[in-house]
Amino acid sequence: MPLALLALTISAFAIGTTEFVIVGLIPTIAQQLGVSVPSAGLLVSIYAIGVAIGAPVLTALTGRVPRKALLIGLMVLFTLGNLMAWQSPNYNTLVMARLLTGLAHGVFFSIGATIATSLVPKEKAASAIALMFGGLTVALVTGVPLGTFIGQHFGWRETFLAVSMIGVIAIIASAMLVPNNIKNKPAARIAEQLKVLMNPRLLLIYAVTALGYGGVFTTFTYLAPMMQEQAGFSAGMVSWILLAYGISVAIGNIWGGKLADRHGAVKALTIIFTALALILLVFQFTSGFGIPALITVMVMGIFAFANVPGLQVYVVQKAEEVTPNAVDVASGLNIAAFNIGIALGSVIGGQVVSTLGLVQTPWIGAVIVLGALLLIRLSGYLDKRGKTALA
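Residues numbered from 1 in each chain as written. Predicted model: local features only at pLDDT ≥ 70, side-chain atom pairs only at ≥ 80, totals over all residues. Heavy atoms only, no water.

A. Up close: the overall build of the chain. Of the regular secondary structure elements, the chain holds 15 helices and zero strands. The globule rule puts the C-alpha radius of gyration for 391 residues at 21 Å, and the 20 Å found for the chain is close to it. Dimensions along the principal axes, computed over C-alpha positions, put the chain at roughly 55 × 50 × 35 Å. Here the chain holds 391 residues, and 56% of them are scored as buried. A separation threshold of at least 6 residues defines the contact pool for the chain, and within that pool the share at least 24 residues apart is 84%. When the accessible area of the chain is evaluated, it comes to approximately 16200 Å², of which 70% is carbon and sulfur surface. With 20 positive and 10 negative side-chain charges, the chain shows a separation of 5 Å between the mean positions of the two kinds. (Helix = DSSP H or I, 4+ residues; strand = E, 2+ residues; numbered from the N terminus. Rg over C-alpha atoms; globule rule 2.2 N^0.38 Å. Buried < 20%, exposed > 50% of the residue type's maximum accessible area, 1.4 Å probe, protein only. Contact = heavy atoms within 4.5 Å. Areas by Shrake-Rupley, 256 points an atom, 1.4 Å probe, with all protein chains shown as cover. Lys, Arg positive; Asp, Glu negative; His and termini not counted. Charge placed at Lys NZ, Arg CZ, Asp CG, Glu CD.)

Given below as structure tokens:
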């Protein structure tokens, strides 16, 4: 594998850390900025909205920009956004900083896969993409708990300063290692994206993605305050809990991919969503007890992100059937759907915390995941009916 992929992996690590580290910092930010826990939770939603806008819209608008220059420019924007968060004097400035970094995130992953595959022979394309996205997994396992530790011991602003330093390393790595001759692939026009969005079968899968992720983030966004206030863990233990959760996520991601390969996307997602809804319901009853809550969170991590490979594979397969000229667009919009789910989940979770309390978020998340389960079963039924009609 070429060294240029290392630059993409470092960038993905920095981006993944800044996206998810906020979960561990919510109690600290709420206390230090004098805002409510749900208001601090909205910082997750704001970032996800930036990603959802950046992925389709800004990618289309930057289609003619040379890939290396765009990659470096995105990491500069990302680093400036984190420096802005570091220097934020108040909540509103922090909101703007999160939106800015989210925009950079959306475009990065839209063009990152194209750059990664252009660096290797066709037979190594999947491995190249996996290596780049491995930066996100490493961020969940190491970056998020370490960032949470820094925030709790030195202040949440210093966490964003640390991420900015990783951003600078990514800029230097990109400048030195990424070649200048990467060809621009024609960017999908907004009109092409709208055609994909008007296809009912793809819209159904996007709804599954949004609900499946939204249900998880209804609870996951407020995991830190729940483990402190409900389960009785100290603030210092939260970073270790997030480390355990990240390891579970890494295991679940690999397992989810193998499950989708073995049984097909629909069956795999049915199993994952069923298990996830049940685990969230179990968490409703274990969240008030230390060790049972910890065990439940670790099991939840296995299933929480296990749906990602199946959902991405399924949307590509369906796009090849219904919009064969816009498969990349369909795949990119599914990334936007993930982040719409994150935004909706954290907003719904915030409303639940404000009105019903922290302890009620798991069962609300379970209900949302059940919605994803019903829709994936409907999609599977439509697949079978379509095959029967063809036969």
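B. Fine view of the pattern of salt bridges. As enumerated under the stated definition, the model contains three salt bridges in all. Its salt-bridge partner being Arg201, residue Asp383 comes within 3.0 Å of it at the nearest N-O pair. Of the two residues, Asp383 sits in helix H15 (residues 361-390) while Arg201 sits in helix H8 (residues 200-220), which places them 182 residues apart along the sequence. Arg201 carries the same exposure label as Asp383, and that label is buried. (Salt bridge = Lys/Arg side-chain N within 4 Å of Asp/Glu carboxyl O.)

C. A look at the packing of aromatic side chains. Here the structure, examined in full by the defined rule, presents eleven aromatic pairs. Relative to Phe338, the ring of Tyr213 lies with its centre 4.7 Å away and its plane at 65 degrees, an arrangement referred to as edge-to-face. Here the residue Tyr213 occupies a position in helix H8, and Phe338 occupies one in helix H14 (residues 327-355), the gap between them amounting to 125 residues. For Phe338, a relative accessible area of 6% gives the class buried. Each residue in the set Phe20, Tyr213, Phe217, Phe220, Tyr245, Phe305 and Phe338 is aromatic and connected to the rest through ring pairs, giving one cluster. (Phe/Tyr/Trp six-rings, centres within 6.5 Å; stacked < 30°, edge-to-face > 60°.)

D. Quick peek at the packing of helix H11 (residues 265-286) against helix H13 (residues 307-322). Running from amino to carboxyl end, H11 crosses H13 at an angle of 150 degrees, the nearest separation of the two axes being 9 Å. As judged from the angle between their axes, H11 and H13 are roughly antiparallel. For H11 against H13, the interelement crossing comes out left-handed. Only Asn307, Gly310, Leu311 and Tyr314 of H13 make contact with H11, whose side of the interface consists of Ala265, Val266, Leu269, Ile272 and Phe273. (Axes fitted to C-alpha atoms, helices over the stretch in contact; angles between N-to-C directions. Parallel < 35°, antiparallel > 145°, perpendicular 65-115°, else oblique. Left-handed = near helix turned anticlockwise from the far one by under 90°.)

E. Highlighting helix H1 (residues 4-33). The largest bend along H1 measures about 65 degrees and falls at Leu25, with the proline Pro27 one to four residues further on. Taking burial as the measure, the 30 residues of H1 include 26 buried ones, the bulk of the element. Of the residues trailing H1, Gly34 is marked for its positive phi of about 70 degrees. (Bend = angle between axes of the 7 residues up to and from the residue.)

F. Highlighting the packing of helix H10 (residues 235-263) against H11. Taken N-terminus to C-terminus, the directions of H10 and H11 make an angle of 135 degrees; their axes are 7 Å apart at the nearest point. Accordingly, the angle class assigned to the pair H10 and H11 is oblique. Relative to H11, H10 is oriented so that their crossing is right-handed. When H10 is examined against H11, the residues Trp255, Gly256, Leu259, Ala260 and His263 are found in contact with a partner set consisting of Ala265, Lys267, Ala268, Ile271 and Ile272. Of the residues in the contact of H10 with H11, the class split is seven nonpolar, two polar and one charged. (Nonpolar A, V, L, I, M, F, W, Y, C, P; charged D, E, K, R; others polar.)

G. Spatial organisation of a nonpolar patch on the surface. Together, Leu278, Leu281, Leu356, Trp363 and Val367 give the surface a local cluster of nonpolar side chains, amounting to about 460 Å² of exposed area. Mapped by element, the contributors of at least two residues to the nonpolar patch are H11 and H15. Its place among the elements puts Val367 in helix H15. (Patch = residues over 30% accessible without salt bridge, like charges linked within 9 Å, V, L, I, M, F, W, Y side chains within 5 Å.)

H. Quick peek at the nonpolar core. With 80 residues, the main nonpolar core has Ile29, Phe217, Phe220, Leu223, Met227, Tyr245 and Phe305 as its most contacted residues. With ten residues, the top contributor of residues to this core is H11. Not counting residues up to four positions away in its chain, the partners in contact with Phe217 are Phe20, Val44, Phe305, Ile342, Gly345 and Ser346. Judged by nonpolar contacts, the second largest core, of 35 residues, contains Val51, Leu74, Leu136 and Ala139. (Core = buried A, V, L, I, M, F, W, Y, C linked by side-chain atoms within 4.5 Å.)

I. Looking closely at H10. The first and last C-alpha atoms of H10 sit 41 Å apart over 29 residues, in line with the 42 Å expected at 1.5 Å per residue. Following H10 by one or two positions, Gly264 has its phi on the positive side, about 90 degrees. (Expected span 1.5 Å × (residues − 1).)

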